[in-house]
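# Summary of structural features
Each chain, written out:
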Amino acid sequence: MIDKYKEAFEKTRLAGTIAAGALDEVAKIAKPGISTAEIDKLCYNYLNDHGAYSAPLFYRGFPKSCCTSTNHVVCHGIPSEKILKDGDIVNVDVTALKDGWHGDTSRTFEIGEVSVKAKKLVISTYEAMMKAIKIVKDDIHLGDIGATIQDHVEADGFSVVQDFCGHGIGKSFHKEPNVLHYGKKGTGEKIKTGMIFTIEPMINLGKYETKTLNDGWTAVTKDKSLSAQFEHTIGVTKDGCEIFTLSKNQ
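Structure report, in brief. (Residues numbered from 1 in each chain as written. Predicted model: local features only at pLDDT ≥ 70, side-chain atom pairs only at ≥ 80, totals over all residues. Heavy atoms only, no water.)

### Observations regarding the overall build of the chain
The following threshold applies: Segments assigned H or I by DSSP are reported as helices when at least four residues long, segments assigned E as strands when at least two residues long, and all are numbered from the N terminus. Computation of the radius of gyration draws on C-alpha atoms, with the globule rule given as 2.2 Å multiplied by the number of residues to the power 0.38. Here the term buried applies to any residue with accessible area under 20% of the maximum for its type, exposed to any over 50%, and partly exposed to those in between, with areas from a 1.4 Å probe on protein chains only. Contact criterion: two residues are considered in contact whenever any of their non-hydrogen atoms come within 4.5 Å of each other. Note on areas: these come from Shrake-Rupley sampling with a 1.4 Å probe, and a residue is covered only by the protein chains present in the view. Only four residue types enter the tally: Lys and Arg on the positive side, Asp and Glu on the negative side, with His and both chain ends excluded. Where a charge lies is defined by one atom per residue type, namely NZ (Lys), CZ (Arg), CG (Asp) and CD (Glu).
Secondary structure summary: the chain contains 4 helices and 15 strands in total. Taken over the C-alpha trace, the chain has a radius of gyration of 17 Å; the compact-globule value for 250 residues is 18 Å, and the two agree within 12%. Here the chain holds 250 residues, and the buried ones make up 54% of them. In the chain, of all internal contacts separated by at least 6 residues, the share reaching a separation of at least 24 is 70%. Accessible surface, the chain as shown: approximately 11,100 Å² in total, 51% of it carbon and sulfur. For the chain, the centre of its 31 positive side-chain charges and the centre of its 33 negative side-chain charges are spaced 1 Å apart.

What follows is the structure, encoded as structure tokens:
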């Protein structure tokens, strides 16, 4: 890695590894009968135990340490005493702040035995993210990322949420560029070596439209269809990219 990007990559890698570790721990308890508040407590404790801070906690007033988005909740679900039941899917989104740098990642967990449709949605969402990550390298267009995701999930009969996107990250939690998960190849800004951003497609079983509830955070599908999401923080290199939030268990 070029020296001028070395610190950014090293610091983001450290924060990302901690965030991924938190989700590995969530995977152990994500079963019917657990509350999303218990998931939140686990994430809070894990980050603290590893010398990191939860970036979402109190960010713009967000009250919890992670986002837990269940079933038709697209993103930014607030952990509560809600009990997860057999057949649910829940996305858990964790961002570790370590030594001034952020690592942002999420996974959708299947709770017990889920429906065939739900399983297909979760698999397609993960595959779309990984397909997009595989094409990332210096000098491609941001639109190439969106097109790759959109083509994959629409071929499976799903839709891409357009109200939320990936984002640049580093010492700031959210910054430029905005990384859309739909679009046309060859359009948008060219990405360059050293850029760090998230790819985090939100994919719906039904239509792509969303709405935000009265709490000001919780985004849901308008048609109440299931939604899944996966997210990695990556750093662009000349010939590819590094995934900073990769888990040994993925």
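### With respect to the pattern of salt bridges
Put simply, the test is: A side-chain nitrogen of Lys or Arg and a carboxyl oxygen of Asp or Glu constitute a salt bridge if their distance falls within 4 Å.
In this structure the tally under the stated criterion is 8 salt bridges. A salt bridge links lysine 119 to glutamate 110; the nearest nitrogen and oxygen atoms lie 2.8 Å apart. Classification of lysine 119 by relative accessible area gives partly exposed; the value is 37%. Since its relative accessible area comes to 26%, glutamate 110 is described here as partly exposed. Across the pair aspartate 139 and lysine 192 runs a salt bridge whose closest N-O atoms are separated by 2.6 Å. In this pair, aspartate 139 is assigned in the loop between helix H3 (116-135) and helix H4 (142-155) and lysine 192 in the loop between strand S8 (175-179) and strand S9 (196-199), connecting sequence segments 53 residues apart. Look at lysine 192 and you get partly exposed, because its relative accessible area is 39%. Connected through salt bridges with shared partners, the residues Asp139, Lys190 and Lys192 form a single ionic network.

### Focus on the layout of surface pockets
We count it as follows: With a 1 Å grid laid over protein atoms only, a set of points is called a cavity when a 1.4 Å probe fits there but cannot get out and a pocket when it is open yet has protein on both sides within 12 Å along at least five of seven lines; lining residues have an atom within 4 Å of a point. Grid points are joined across faces, edges and corners, and a volume is the space filled by probe spheres set on the points. Under the scheme applied, nonpolar residues are Ala, Val, Leu, Ile, Met, Phe, Trp, Tyr, Cys and Pro; charged residues are Asp, Glu, Lys and Arg; polar residues are all the others, including Gly.
Estimated volume of the largest pocket: approximately 460 Å³. Lining of the largest pocket is provided by 24 residues; of these, Tyr59, His76, His167, Phe173 and His174 occupy positions nearest its centre. Elements with a contribution of two residues or more to the lining of the largest pocket: strand S4 (89-98), strand S7 (166-168) and S8. Sorting elements by how many residues they give to the lining of the largest pocket places S8 first, with 3 residues. Of the residues that constitute the lining of the largest pocket, the class distribution is 10 nonpolar, 7 polar and 7 charged. Considered as a void within the structure, the second largest pocket measures approximately 160 Å³ in volume. Lining the second largest pocket, in full, are Thr36, Thr68, Thr70, Asn71, His72, Val73, Gly77, Ile78, Ser80, Lys82 and Thr218. In the lining of the second largest pocket, the residues fall into 2 nonpolar, 8 polar and 1 charged.

### With respect to the pairing of S8
Operational definition: At least two DSSP bridges between two strands are required for those strands to pair.
For S7 and S8, the ladder comprises 3 bridges, and the chain directions are antiparallel. Looking at S8, one finds that glycine 166 is bridged to valine 179. Between S7 and S8, which pair antiparallel one after the other, the connecting turn spans 6 residues.

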